[in-house]
Amino acid sequence: PERAKTQILLTNCPFSVLTGRAYVRDKVCQEFKILGKEDFRTLNIIANSRKFSNATFEEINHLVHEIVSLAESCCAEGADPSCYDAGSSALSAKSCSVGSPFPAHPGTAGCCAHEGLERKLCLAALQHPPQELPRYLQPSNEELCEAFKKDPKDFADRFLHEYASSYSQAPLPVLLGSTRTFLSMVSTCCISAKPTACFLKEKLERKTLSLLTLMSNRVCSRFTVYGKDKVTVSYLTSLAQKMPSASFEDLFPLAEDAAEVFSQCCDSVAEDCMQKKLSEHTAKACSVLSAQDERIADCCKGKNLMQNYFCISALPPVPPPKLPEVQKPTNGQVCSEEGPRHAKR
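Residues numbered from 1 in each chain as written. Predicted model: local features only at pLDDT ≥ 70, side-chain atom pairs only at ≥ 80, totals over all residues. Heavy atoms only, no water.

**Q** Pulling in residues and values, what's your account of the domain arrangement of the protein chain?
**A** Taken domain by domain, the protein chain comprises domain 1 (21–125), domain 2 (141–213) and domain 3 (227–314). In this complex, domain 1 contributes 14 residues to the contact, which on the side of domain 2 involves 16 residues. Interface of domain 1 and domain 2: buried area, both sides summed, is about 1300 Å²; carbon and sulfur atoms make up 65% of it. Looking at the side of domain 1 facing domain 2, the largest losses of area belong to I46, R50 and F57, adding up to 52% of the total buried there. Where domain 1 touches domain 2, the interface holds 2 salt bridges. Here E58 makes a salt bridge to R158, at a shortest N to O gap of 3.9 Å. For the pair domain 1 and domain 2, the interface holds 6 residue pairs in polar contact (both at pLDDT 80 or more). Where the side of domain 1 that touches domain 2 is concerned, the elements lending two or more residues are α3 (37–51) and α4 (57–74). Ranked by the residues each element gives to the side of domain 1 that touches domain 2, the list is headed by α3, at 8 residues. Tallied by class, the residues present in the side of domain 1 that touches domain 2 amount to 6 nonpolar, 4 polar and 4 charged. (Domains from an automatic or database assignment. Contact = heavy atoms within 4.5 Å. Buried area = accessible area lost by both parts, 1.4 Å probe. Salt bridge = Lys/Arg side-chain N within 4 Å of Asp/Glu carboxyl O. Polar contact = N/O pair within 3.5 Å; in protein donor to acceptor, adjacent residues only side chain to side chain. Helix = DSSP H or I, 4+ residues; strand = E, 2+ residues; numbered from the N terminus. Nonpolar A, V, L, I, M, F, W, Y, C, P; charged D, E, K, R; others polar.)

**Q** Report on the pattern of salt bridges, specifying residues and quantitative values.
**A** If you walk through the whole model with that rule in mind, you get 15 salt bridges. We note a salt bridge from K228 to E260, for which the minimum N-O separation is 2.3 Å. Here the residue K228 occupies a position in helix α12 (residues 207–242), and E260 occupies one in helix α13 (residues 248–265), the gap between them amounting to 32 residues. Looking at K228, the relative accessible area reads 37%, which means it is partly exposed. Given a relative accessible area of 28%, E260 falls into the partly exposed group. A salt bridge links R345 to E249; its shortest N-O distance comes to 2.7 Å. Placement of the pair is R345 in the segment after α18 (339–344) and E249 in helix α13, with a sequence separation of 96 residues. Judged by relative accessible area, R345 falls into the exposed class, the value being 53%. (Buried < 20%, exposed > 50% of the residue type's maximum accessible area, 1.4 Å probe, protein only.)

What follows is the structure, encoded as structure tokens:
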């Protein structure tokens, strides 16, 4: 059941209109009924904290409260079919009111100049740009348990907001898995007879997921800002600095493959997309590069392909060996159909 719930990914917000009002109402109500009120609320905290990563907890809390109330009222048996559309219109009006309690966004005023459906669509498209660096700093075990025991629900809500807004570019399934295991760790270890040992064990078990959250947030932020071609060049540069003697023919396909993984998985709703595709990419990299470089070979010895990927990513550049003078492409090569490939070489 938990896996099935994770696979239901939220695209609903109070203003979202996809292919018609009834479709949106039916979609939201289906999610509300399958997930239940609390899981629906939790996913909305995460989804809206990602979308409005500069918003305060109070602003997100107001928004989520309104979304859940709207779903609870309009998805009840016998509710008027026009309930959801009327309620979402009221919420868009509230967003445009002076002193709105919802997340502030510089584009809100422009959206509020429109009316009706156009206003809703405009408001639905608003989101904050990626954070340059994650802001979340994990408190000590003692501080975590103190806050958890004081008010478990408030602790969970504030953690979900802060973590999701800090790692807003990590794929939603990765973020869901990371937050779920973290809250499970806290709730288990804070009532344990040996909390220190418990935290150590749990942190080791979720190490791969923690690193995946950090890494995927970073690469997906770059992908959002720079696009596929520049990410390919960046990855190629990184590999070339780690292995200066490796051939272009070996490295460039791996750079293209990595960029393709990010293009498929950064916005994917598939639960295991990033883990599965990056593991496949790592297997290719190990197959091609292990025989050429001892450091790569050492990284590829592990059975966990994701850990092997992190190991390769963390390798520092090496001093360049004595290589032949770089042959710059001719004008004819640069201007040909194969020009981009010659430039990358």
